[in-house]
Amino acid sequence: MYQHVCIYSQTATISLSWSRSSLPPPSRLVKSTIRCVALTKQGERFLNTIAAKDTDSSLADRLIGKFVAASSKSVALNALSYLLSSQDGNSRFSSLALPLYYRITEASWFNWNPKLMADLIALLDKRGRHKECETLMIEATSKLSSRERELAMFYCNLMDSLSKQKSERGFDDCYDRLYRIVCDSCSVYVKRQGYKSMIGGLCERGEPKGAQNLIEEMRMKGIKPSLFEFRSVLYAYGRLGLFADMQRSIDEIENEGFKIDTVCSNMVLSSYGAHDELPRMVSWLQKMRTSGIQMSTRTYNTTLNSCPTLTRMLQGSNDFPVSITELVEILSESEVLLVKELACSSVLEEAMEWDSMEAKLDLHGMHLGSAYLIMLQWMEEMRRRLGGGEFVVPAGITVVCGSGKHSSARGESPIKIMVKKMMIQTKSPMRIDRKNIGCFVAKGKAVKDWLFQ
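Under an unreviewed UniProt entry, the protein chain has the name Pentatricopeptide repeat-containing protein and belongs to Tripterygium wilfordii.

Below, the structure written as structure tokens:
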């Protein structure tokens, strides 16, 4: 049913159309790209080398070939994934993706990957390189033409990638192809996955009404929609600020027998926050507390990122309030209520470990505002535990904030910088660990003396 003629042929050398002037200085290379993937040190050196040299196409191809030959499978694929993760189609960097991909296909360890192919096609489509897209599409569909399920999943992956790249032309074409497969297929699995992908893609594009129509179509064909589809529609309405429609989606989720959980709640909070609806955020956090919906690190991130006073303070000051009591004095009324609701959650407890040898606070996954509030809560909790006699004083205290490996600039962790400022301001005995620069450490007794000085 799905037959295509393969006219694909791989070329050894790819024509490259960039020059040194089109790339940023090496020191700014990592800072100037939108990233969803953390780049390895080997990959960073490779991109900096490309940026530093006045490269013609042959020299650039040799540098790419040398990098792939000298790299492990994981390093080479990481560099490619890094380039593909740019969601703005930035030609300064994404122009490297196709020649790097072709070099990787020549490696003995390479296995054809439909997800990788989908990401590459989406990036090229975003950049308007439609001939290359068509060549890769023919290759992919030829490989998968006799395997309906795998072909459908390729289009699902492609739709997801095109949605993230916000590529309208490619999305419409992919949607039509996937819809035809779903309509013609007798497989419930293919239909379910196809609908899931199309609904997710429409919601990502800001078309929740069309997604709702597909949910009704699923029902008509005897396929029960999952919580994913309802969540997607909920969030799409919320991002658009259509809160009455969002509430109807919430009601529909409950009517279908699903529970409003932490994920749904974070979507609601994010929607309100995006439209500066702080009082509504307060009401929703209160609902979470009374309904027993657990808060998460993402709840903290979503909520505190929406607090303008807190955000401005953390971005432009070296002198922070060092207690929650001091903090609430400078916040707006709604921000105070948000902070108080968050402080009642179990997120701090989940971030802490405690035994006789070490008490550890792990700030991984937290944004700047979340890490700051958790630090204030942590100092209060440490005073309670170390001053009450109920807990043994640990031999060592550790605060894990990360070394900046996943930050916008490697080694420049905003959380680490903020924690360091707090430690200096409060004259804390905690210092950066010489063995692990992503941690602050001190003796337990020294921390106790500091907290009660």
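Next comes the rest of the description.
**What to know about the side chain of Asp125**
For Asp125, the position within the fold is in helix 6 (residues 114-126). For Asp125, a relative accessible area of 7% corresponds to the buried category.

**Re the state of the cysteines**
Applying the stated criterion across every chain yields a total of zero disulfides. The thiol of Cys156 is unpaired, and the distance to the nearest cysteine sulfur, on Cys174, comes to 8.0 Å. Overall, the relative accessible area of 6% leaves Cys156 in the buried class.

**Let's talk about the packing of helix 12 (residues 227-239) against helix 14 (residues 262-274)**
With their axes 8 Å apart at the nearest point, helix 12 and helix 14 run at an angle of 10° to one another. As summarised for this structure, helix 12 and helix 14 are arranged roughly parallel, according to the angle between their axes. The handedness of the crossing between helix 12 and helix 14 is right-handed. Where helix 12 abuts helix 14, its residues Leu227, Arg231, Leu234, Tyr235, Gly238 and Arg239 lie against Val263, Cys264, Met267, Val268, Ser270 and Ser271. Tallied by class, the residues present in the contact of helix 12 with helix 14 amount to seven nonpolar, three polar and two charged.

**Concerning the pairing of strand 3 (residues 396-400)**
Counting buried positions along strand 3 yields five of five residues, so the element is predominantly enclosed. Pairing of strand 2 (residues 358-362) with strand 3, which is carried by five bridges, proceeds in the parallel orientation. Each residue of the ladder has a partner; that of Leu361, found in strand 3, is Val399. Regarding the hand of the β-α-β motif, the stretch spanning strand 2, helix 21 (residues 368-388) and strand 3 is right-handed. The pairing of strand 3 with strand 5 (residues 439-443) spans five bridges and is classified as antiparallel. In the sheet register, Gly396 faces strand 5, and the bridge partner there is Lys443.

Procedures and definitions
- Sequence order sets the numbering: in each chain, residues are counted from 1 along the sequence as written.
- Only residues with pLDDT of at least 70 get local features here, since the model is predicted, and only at 80 or more are side-chain atom pairs given and counted; chain-wide, interface and lining totals rely on the full set of residues.
- Excluding hydrogens and water, the side-chain values take into account all heavy atoms of the structure.
- By the criteria applied, helices consist of DSSP H or I runs no shorter than four residues and strands consist of E runs no shorter than two, each listed in order from the N terminus.
- Throughout, exposure labels follow a simple rule: accessible area from a 1.4 Å probe, protein chains only, divided by the maximum for the residue type, with under 20% read as buried, over 50% as exposed, and the rest as partly exposed.
- Only a pair of cysteine sulfur atoms within 2.5 Å counts as a disulfide in this structure description.
- To obtain each axis, a line is fitted to C-alpha atoms, and for helices this fit is confined to the stretch in contact; angles are then taken between N-to-C directions over 0 to 180 degrees.
- Should an angle fall under 35 degrees it is called roughly parallel, over 145 degrees roughly antiparallel, and 65 to 115 degrees roughly perpendicular, with every other angle called oblique.
- Crossing handedness is read from the near helix: turned anticlockwise from the far helix by less than a right angle, it gives a left-handed crossing, and turned clockwise, a right-handed one.
- Here, two residues are considered to be in contact whenever any of their heavy atoms come within 4.5 Å of each other.
- Lys, Arg, Asp and Glu make up the charged group, whereas Ala, Val, Leu, Ile, Met, Phe, Trp, Tyr, Cys and Pro make up the nonpolar group; the residues left over, Gly among them, are polar.
- Strand pairing requires that DSSP identify at least two bridges connecting the strands.
- When the strands point away from the viewer and the connection leading from the first strand across the helix to the second strand turns clockwise, the crossover is called right-handed.

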